[in-house]
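For reference, the chains in residue letters:
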Amino acid sequence: MKHLLNPLDFSVTELEDLLKLANAIEAEPQKYAHACEGKKLAACFYEPSTRTRLSFEAAMLNLGGSVIGFASGDNSSAAKGESVSDTIRVISCYADICAIRHPKEGAALVASSRSSIPVINAGDGGHQHPTQTLTDLLTIYSLKGHFDHLKVGLCGDLKFGRTVHSLIEALIRYPGIEFVLISPEELRVPGYIREDVLDANQIPYKEVERLEDALSQLDILYMTRVQKERFFNEEDYIRMKDFYILDKAKMKLAPKDMLVLHPLPRVNEISVEVDDDPRAVYFRQAQYGVYVRMALILTLLDIHID
Ligand code: CP
């Protein structure tokens, strides 16, 4: 049985198969409309979510399956003190596959060790968010056609941004990839990503503070939100929250074919005036999230449609 806990749980070849399947689903959704009839997804969200939870639900419903679950730990027996290990053992009796989001790093790993059904990490604290990475990769694959030799700017909260950590780990597997890490000093990418992932694999990168200094060189700009919920101190959050605002004037500095991605939700870091720019693909990215989660459910349940 396979789980998805980390973006690297899929090899490059497996990932390519998954992305091709997602493209096939996008092209012919009707062909897959009954693929999961009789199957149930448990969507167990201990932390707030709009896109991840609802796109998982939409994905399973699009495949003809059903969905059970909860949208907050407070609505489950976690509020009475039940452990993740016990919860997943019970959910294994009710569902065929489980997507879990939890504020604690490693929660999905713990769940997978006790589960008799495939477990998907839908975000564990500030650690990993592999299905967002699959969404990001599908967006790049569909709109750029390749991953190699891209210069990717990652901007905003690179310290707590789990989507950033997962995306870096996934992209370093392709030749010629380069990163520009754009953040204030306090929100730099953590040492374990810089040293154990980038330095250890001799991936070229530079760290800059000003977005304007990076824009002209990028193929992809991945914007992120400064996450209020990860700060211990409100004062620090207020100081950092509007550090970056991508607006029309800054977009003039960027190449004509640069793509702007954002895992969403956005707060102020991308001005709404950028939304109509053809390079702004973050809402298309959210749509790709449904196709890739459909492909993921089929893959983990080992369901094949000719
Ligand atoms: N991108 C993302 O994870 O969004 P949600 O928090 O709304 O699921």
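What you see is a predicted model; the values in this text were computed from it and never measured. Counting restarts for each chain, with residues numbered from 1 along the sequence as it is written. This being a predicted model, a pLDDT of at least 70 is required before a residue's local features are given, and a value of 80 or more before pairs of side-chain atoms are given or counted; all residues contribute to the totals for chains, interfaces and linings. The side-chain figures draw on all heavy atoms in the structure; neither hydrogens nor water molecules are used.

Trainee: Looking at this model, I keep getting lost on the site of the ligand. Mind explaining?
Mentor: As a matter of local geometry, the ligand sits amid Ser49, Thr50, Arg51, Thr52, Arg101, His129, Gln132, Pro263 and Leu264. One of the backbone nitrogen or oxygen atoms of Thr50 is found 2.8 Å away from an oxygen atom of the ligand. Contact with the protein chains covers 90% of the free accessible surface of the ligand, which is 250 Å². Residue polarity is assigned by list, with Asp, Glu, Lys and Arg as charged and Ala, Val, Leu, Ile, Met, Phe, Trp, Tyr, Cys and Pro as nonpolar; anything else, Gly included, falls into the polar class. Taken together, the residues that form the shell around the ligand break down as two nonpolar, five polar and two charged. Near is defined per residue: the residue qualifies when any heavy atom it owns lies within 4 Å of the molecule or strand. Polar contact criterion, stated in full: a pair of N or O atoms within 3.5 Å, where within protein one must be able to donate a hydrogen and the other to accept it, and residues adjacent in sequence count only if both atoms are side-chain atoms. In short, Shrake-Rupley with a 1.4 Å probe defines the accessible areas, and a residue's cover is counted only from the protein chains shown.

Trainee: Could you clarify how one ought to interpret the nonpolar core in this entry?
Mentor: General note: in soluble globular proteins, nonpolar side chains tend to be found buried as a group. Think of a nonpolar core as a cluster: buried Ala, Val, Leu, Ile, Met, Phe, Trp, Tyr and Cys residues, connected wherever their side-chain atoms sit within 4.5 Å. Buried means the residue's accessible area, taken with a 1.4 Å probe over protein chains only, is under 20% of the maximum for its type, while exposed means over 50%, and partly exposed covers the values in between. Formed by 63 residues in total, the largest nonpolar core has its most connected members in Leu154, Ile168, Leu171, Phe179 and Leu296. Only runs of H or I of at least four residues qualify as helices and only runs of E of at least two qualify as strands under DSSP, and these elements are numbered from the N terminus. In terms of residues, this core owes the most to one element, helix H10 (residues 282–300), which gives ten residues. Any pair of residues with heavy atoms lying within 4.5 Å of one another is described as a contacting pair. Not counting residues within four places of it along the chain, the set of residues in contact with Ile168 comprises Leu154, Phe179, Leu181, Val189, Ile193, Val197 and Leu198. Judged by nonpolar contacts, the second largest core, of 21 residues, contains Cys155, Leu215, Met251 and Val274.

Trainee: How should the packing of aromatic side chains be read in this particular structure?
Mentor: How two aromatic rings sit relative to each other is set out by the distance from centre to centre and by the angle between their planes. To pair, rings of Phe, Tyr and Trp, with the six-membered ring standing in for Trp, must have centres within 6.5 Å; the planes then decide the type, stacked if under 30 degrees apart, edge-to-face if over 60, and tilted in the middle. Taken as a whole, this structure holds five aromatic pairs when the rule is applied. Here Tyr141 and Phe147 contribute two aromatic rings whose centre-to-centre distance is 5.9 Å and whose plane-to-plane angle is 25°, an arrangement assigned as stacked. For Tyr141, a relative accessible area of 18% gives the class buried. The class for Phe147 is buried, based on a relative accessible area of 6%. Ring geometry for Phe243 and Tyr244: centres 5.0 Å apart, planes at 65°, overall edge-to-face. Joined through ring pairs, the aromatic side chains of Tyr141, Phe147 and Tyr174 make up one cluster. Charge-over-ring placement is defined geometrically: NZ (Lys) or CZ (Arg) within 6 Å of the ring centre, and within 35 degrees of the ring normal. A cation over a ring is seen here: Arg293 above Phe56, with NZ or CZ 5.1 Å from the ring centre.

Trainee: I'm lost on helix H2 (residues 51–62) in this one. Help?
Mentor: Given 3.6 residues per helical turn, the α-helix brings residues three or four places apart onto the same face. One less than the number of residues in a helix, times 1.5 Å, gives the span that helix is expected to have. In this model, H2 (twelve residues) spans 15 Å end to end at C-alpha, consistent with the 16 Å of a helix rising 1.5 Å per residue. Every buried residue of H2 is listed here: Thr52, Arg53, Ser55, Phe56, Ala59 and Met60. Tucked into the core, H2 has its buried residues touching strand E1 (40–45), strand E2 (66–70), strand E3 (97–102), strand E4 (119–124), helix H5 (130–144) and H10. In the segment just after H2, Gly64 is the residue with positive phi, at about 85°.

Trainee: Where do I start with the packing of helix H1 (residues 12–27) against H5 in this structure?
Mentor: Geometry is summarised by axes, namely lines fitted to C-alpha atoms with helices restricted to the contacting stretch, and by angles between N-to-C directions that run from 0 to 180 degrees. Packing of H1 against H5 leaves a shortest axis separation of 10 Å and a crossing angle of 70°. Classified by the angle their axes make, H1 and H5 are roughly perpendicular. Contacts between H1 and H5 involve Leu15, Glu16, Leu18, Leu19, Lys20, Ala22 and Asn23 from the first element and Leu134, Leu137, Leu138, Tyr141 and Ser142 from the second. Taken together, the residues of the contact of H1 with H5 break down into eight nonpolar, two polar and two charged. Oblique is the label for every angle not falling under 35 degrees (roughly parallel), over 145 degrees (roughly antiparallel), or within 65 to 115 degrees (roughly perpendicular).

Trainee: Teacher, can you tell me more about a nonpolar patch on the surface here?
Mentor: Patch membership is restricted to residues that have no salt bridge and whose relative accessible area is over 30%. Joining uses 9 Å for like charges and 5 Å for the nonpolar side chains Val, Leu, Ile, Met, Phe, Trp and Tyr. By definition, a salt bridge exists where a carboxyl oxygen of Asp or Glu is found within 4 Å of a side-chain nitrogen of Lys or Arg. Side chains of Ile68, Val90 and Tyr94 sit close together on the surface and give an oily, nonpolar patch of about 250 Å² of accessible area. Turning to its location among the elements, Ile68 is positioned in strand E2.

Trainee: Looking at this structure, how should I read the sheet that holds strand E5 (residues 151–155)?
Mentor: Strand pairs in the sheet, formed through backbone hydrogen bonds, run parallel or antiparallel to each other. Pairing in this open sheet of five strands is parallel, and the strands run E7-E6-E5-E8-E9 from one edge to the other. Each end of this open sheet is capped by a strand with a single partner; those strands are strand E7 (205–208) and strand E9 (259–261). For this sheet, the mean inter-axis angle between neighbouring strands, taken without regard to orientation, is 20°. Strands in contact with H5 are strand E8 (220–223) and E9; relative to E9, the strand with the most contacts, it is inclined by about 165°. At least two bridges found by DSSP between two strands is the condition for calling them paired.

Trainee: Where do I start with the pattern of salt bridges in this structure?
Mentor: It is possible for side chains bearing opposite charge to pair when their charged atoms get close. Taken as a whole, this structure holds twelve salt bridges when the rule is applied. Glu185 serves as the salt-bridge partner of Arg188, at 3.6 Å between the closest nitrogen and oxygen. Using a relative accessible area of 28% as the deciding quantity, one classes Arg188 as partly exposed. Given the relative accessible area of 53%, Glu185 is considered exposed. The shortest N-O distance in the salt bridge between Glu207 and Arg188 comes to 2.8 Å. In this pair, Glu207 is assigned in strand E7 and Arg188 in the loop between strand E6 (178–182) and helix H7 (191–199), connecting sequence segments 19 residues apart. Of the residues examined, Glu207 reaches a relative accessible area of 31% and is grouped as partly exposed.

Trainee: Just to check I follow, could you spell out the sheet that holds E2 for this structure?
Mentor: Read from one edge to the other, the open sheet built from four strands follows the order E2-E1-E3-E4, with strand pairing classed as parallel. Two strands bound the open sheet, and with one partner strand each, they are E2 and E4. When strand polarity is set aside, the average angle formed by the axes of neighbouring strands in this sheet is 15°. Bridge count between E3 and E4: four bridges; the pairing is parallel. Each residue of the ladder has a partner; that of Ala99, found in E4, is Ile120. This element, helix H4 (residues 107–114), spans E3 and E4 of the sheet and lies at about 160° to E4.

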